[in-house]
Amino acid sequence: MPSTDANAAGSPLHRLGRNLRNPFALGYLALCVALLVWTVVVSVMDDSGESMAGVVPVLATAPGSLVFLVLPDGKAMFFVAVAIGALVNASVIGWCVRALRRGNQADPTR
């Protein structure tokens with residue numbers, strides 16, 4: 001019977017967590033949070049209702065945010081779309097950094 005520790009080390013959630021703990025991925029997530037806060041501040045201060053500030057975080061988290069942005073309308077869905085897009089992109093960034101640092105060596109978690 002295989003060890004559960006070996007299976008846990010190679011599980012998709014473990015890899016996802018390792019990708020998101022990467023400093024570059026964390027920096028990207030911090031940038032996305034800053035853009036989202038900026039969007040809320042600009043939109044609240046704009047009393048004309050014509051603010052296009054919401055486009056910036058959506059484009060910064062594309063293509064993941066664009067997929068979820070077409071779901072039912074609402075302010076909450078905007079935040080969910082940006083959050084999911086940011087997490088997907090940060091995971092890809094972390095995976096790329098890990099792969100580039102590893103070079104030609106095999107992935108020890110596989």
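To keep things clear, this report deals only with the structure shown in the data block. (Residues numbered from 1 in each chain as written. Predicted model: local features only at pLDDT ≥ 70, side-chain atom pairs only at ≥ 80, totals over all residues. Heavy atoms only, no water.)

Comments concerning the environment of Ala86
Note the following rule: Only DSSP runs of H or I with at least four residues qualify as helices, and only runs of E with at least two residues qualify as strands; both kinds are numbered from the N terminus onward. Relative accessibility under 20% of the residue-type maximum defines a buried residue, over 50% an exposed one, and the middle range a partly exposed one, all with a 1.4 Å probe and only protein chains included. By the convention used here, residues are in contact when the closest approach between their heavy atoms is within 4.5 Å.
Structurally, Ala86 is set in helix H6 (residues 75-102). Classification of Ala86 by relative accessible area gives buried; the value is 5%. When the C-alpha positions of Ala86 and Pro63 are compared, they lie 9.5 Å apart, and in sequence the two are 23 residues distant. For Ala86, the residues in contact, after removing those within four places along its chain, are Tyr28, Leu29, Cys32 and Thr61.

Quick word on the packing of helix H2 (residues 12-20) against H6
What counts here: Here, axes are lines fitted to C-alpha atoms. For helices the fit covers the stretch in contact, and angles between N-to-C directions go from 0 to 180 degrees. Relative orientations are named as follows: roughly parallel for angles under 35 degrees, roughly antiparallel for angles over 145 degrees, roughly perpendicular for angles from 65 to 115 degrees, and oblique for any other angle.
Look at H2 against H6: their axes get within 7 Å of each other, and the N-to-C directions meet at 85°. As the angle between them shows, H2 and H6 are arranged roughly perpendicular. Residue-level contacts link Arg15, Leu16, Arg18, Asn19 and Leu20 of H2 to Leu87, Ala90, Ser91, Gly94, Trp95 and Arg98 of H6.

Looking at the packing of helix H3 (residues 23-45) against H6
As a reminder of what qualifies: Two helices that cross are described as forming a left-handed crossing if the nearer one is turned anticlockwise from the farther one by less than a right angle, and a right-handed crossing if clockwise.
The N-to-C vectors of H3 and H6 enclose an angle of 160°; their axes lie 8 Å apart at closest approach. Judged by the inter-axis angle, H3 sits roughly antiparallel to H6. Handedness of the H3/H6 crossing: right-handed. Residues Phe24, Ala25, Tyr28, Leu29, Cys32, Leu36, Thr39 and Val40 of H3 form the contact with H6, whose own contacting residues are Phe78, Phe79, Val82, Ala86, Leu87, Asn89, Ala90, Ile93, Gly94, Val97 and Arg101.

What about H6?
Counted only if it meets this: Helix span, expected: 1.5 Å multiplied by one less than the number of residues in the helix.
With 28 residues, H6 extends 41 Å from end C-alpha to end C-alpha; this agrees with the ideal 40 Å at 1.5 Å per step. Looking at the buried residues of H6, the elements they touch are H2, H3, helix H4 (55-60) and helix H5 (64-69). Count one or two residues on from H6 and you reach Gly103, which has phi positive near 70°.

So, the packing of aromatic side chains
Formally: Within 6.5 Å between ring centres, the rings of Phe, Tyr and Trp (the latter by its six-membered ring) count as paired, and their orientation is classed by plane angle as stacked under 30 degrees, edge-to-face over 60, tilted in between.
Within this structure, the stated rule accounts for one aromatic pair. Seen in terms of ring centroids, Phe78 and Phe79 are 5.5 Å apart; in terms of plane orientation they differ by 70°. Their pairing is edge-to-face. The exposure class of Phe78 is buried, given its relative accessible area of 18%. Overall, Phe79 belongs to the partly exposed group, its relative accessible area being 35%.

Structural notes on the environment of Leu59
In this structure, Leu59 sits in helix H4. In the structure, Leu59 is positioned 26 residues away from Gly85 in sequence and 9.7 Å away in space, judged by C-alpha atoms.

What about the nonpolar core?
The condition that has to hold: By nonpolar core is meant a set of buried Ala, Val, Leu, Ile, Met, Phe, Trp, Tyr and Cys residues that side-chain atoms within 4.5 Å join together.
Core analysis: the biggest nonpolar cluster contains seven residues, these being Leu20, Ala25, Tyr28, Leu29, Cys32, Ala86 and Ala90. For this core, the elements supplying multiple residues, two or more each, are H3 and H6. With four residues, H3 is the single largest residue contributor to this core. Dropping the residues within four chain positions of it, Tyr28 is found in contact with Ala60, Thr61, Ala86, Asn89, Ala90 and Ile93.

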